[in-house]
Amino acid sequence: EEEKMNKCIEVHQLTKTYDGRKVVDNLTFEVEKGEVYGLLGHNGAGKSTTIECILGLNTPDSGSAKLLGKEAAKHRKTVFEKVGVQLQQSHYQNNIRVGEVCEERAAMYNHPADYHYLLKQFQLEQYIHQPVAQLSGGERQKLSVAIALIPRPEVIFLDELTTGLDVAARREVWQILKLLKKQGMTLLLTTHYMEEAENLCDRVLLIKEGQKIVEGTVDEIIKKSPYNNLEEAYLWYMGEEKLV
């Protein structure tokens with residue numbers, strides 16, 4: 001039983017088909033408690049669909065996905081209380097202020113984290129009265145992580161968190177994720193930035209057209225390839241390396 005409890009996420013032979021195309025194809029992987037696990041793949045590789053199935057927002061055709069030992073679709077309350085999900089920008093209402101977003105989110109939980117403290121931690125407290133729309137891209141992404149932390153979750157899902165950010169903003173977001181990692185938070189993130197994966201992930205899973213290509217630590221994955229960095233190794237695994 002104890003062994004079971006260390007598995008935060010268990011995905012087993014997960015398959016999901018849309019219009020005759022297998023978006024997720026017999027995918028199996030596990031994420032341990034306290035681990036930062038990265039799903040790496042191009043857009044359309046099935047990363048978001050996999051996350052939706054784990055969260056119970058999408059029903060797989062076959063296979064299973066468990067979150068904290070349960071099927072999310074059947075245990076909405078557990079998921080709601082123990083899981084943090086980063087909101088994509090589009091979820092915010094017009095003109096809503098930073099403090100209001102945090103307040104609304106905190107009101108949903110019995111024992112929310114102190115969002116003032118979170119904003120301070122992320123260097124956002126000076127924007128508390130500002131409309132979210134006026135924040136820079138990096139600030140907005142940091143806010144979405146802060147909001148994901150309000151339920152005091154055991155695990156956080158981050159989907160393409162730093163897409164569209166400049167290098168400085170991206171690094172700022174990384175600092176925050178490293179802080180969470182130090183605190184023992186379990187993180188599942190999707191990215192197509194190899195530097196992000198190298199910086200943050202304990203283990204990564206490369207997927208192409210919904211299938212597992214390779215899984216392991218960043219070092220293991222590089223070692224199994226003919227290259228010495230993740231960027232080139234990734235392209236090689238995806239069958240797209242530049243022929244020298």
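Before reading on, note that the structure itself is shown above.
About the cut-offs
Residues numbered from 1 in each chain as written. Predicted model: local features only at pLDDT ≥ 70, side-chain atom pairs only at ≥ 80, totals over all residues. Heavy atoms only, no water. Helix = DSSP H or I, 4+ residues; strand = E, 2+ residues; numbered from the N terminus. Rg over C-alpha atoms; globule rule 2.2 N^0.38 Å. Buried < 20%, exposed > 50% of the residue type's maximum accessible area, 1.4 Å probe, protein only. Contact = heavy atoms within 4.5 Å. Areas by Shrake-Rupley, 256 points an atom, 1.4 Å probe, with all protein chains shown as cover. Pairing = 2+ DSSP bridges. Axes fitted to C-alpha atoms, helices over the stretch in contact; angles between N-to-C directions.

Brief notes about the overall build of the chain
So, point 1. Looking only at helices and strands, one finds 10 helices and nine strands in the chain.
So, point 2. Relative to its length of 244 residues, the chain is compact, with a C-alpha radius of gyration of 18 Å against a globular reference of 18 Å.
So, point 3. Along the first, second and third principal axes, the C-alpha atoms of the chain reach 50 × 45 × 40 Å.
So, point 4. Here the chain holds 244 residues, and 49% of them are scored as buried.
So, point 5. A separation threshold of at least 6 residues defines the contact pool for the chain, and within that pool the share at least 24 residues apart is 63%.
So, point 6. When the accessible surface of the chain is split by element, carbon and sulfur atoms take 48% of a total near 12,200 Å².

Some words on the sheet that holds strand 7 (residues 186-191)
So, point 1. Across the sheet, six strands lie side by side as 5-6-7-3-8-9; this open sheet has mixed pairing. Looking at which strands have only one partner, the edges of the open sheet turn out to be strand 5 (83-85) and strand 9 (211-216). Pairs of neighbouring strands in the sheet enclose a mean axial angle of 15°, with direction left out of account.
So, point 2. In the sheet, strand 6 (residues 155-159) pairs with strand 7 via five bridges, with the strands oriented parallel. Paired with Val155 across the bridge in strand 7 is Thr186.

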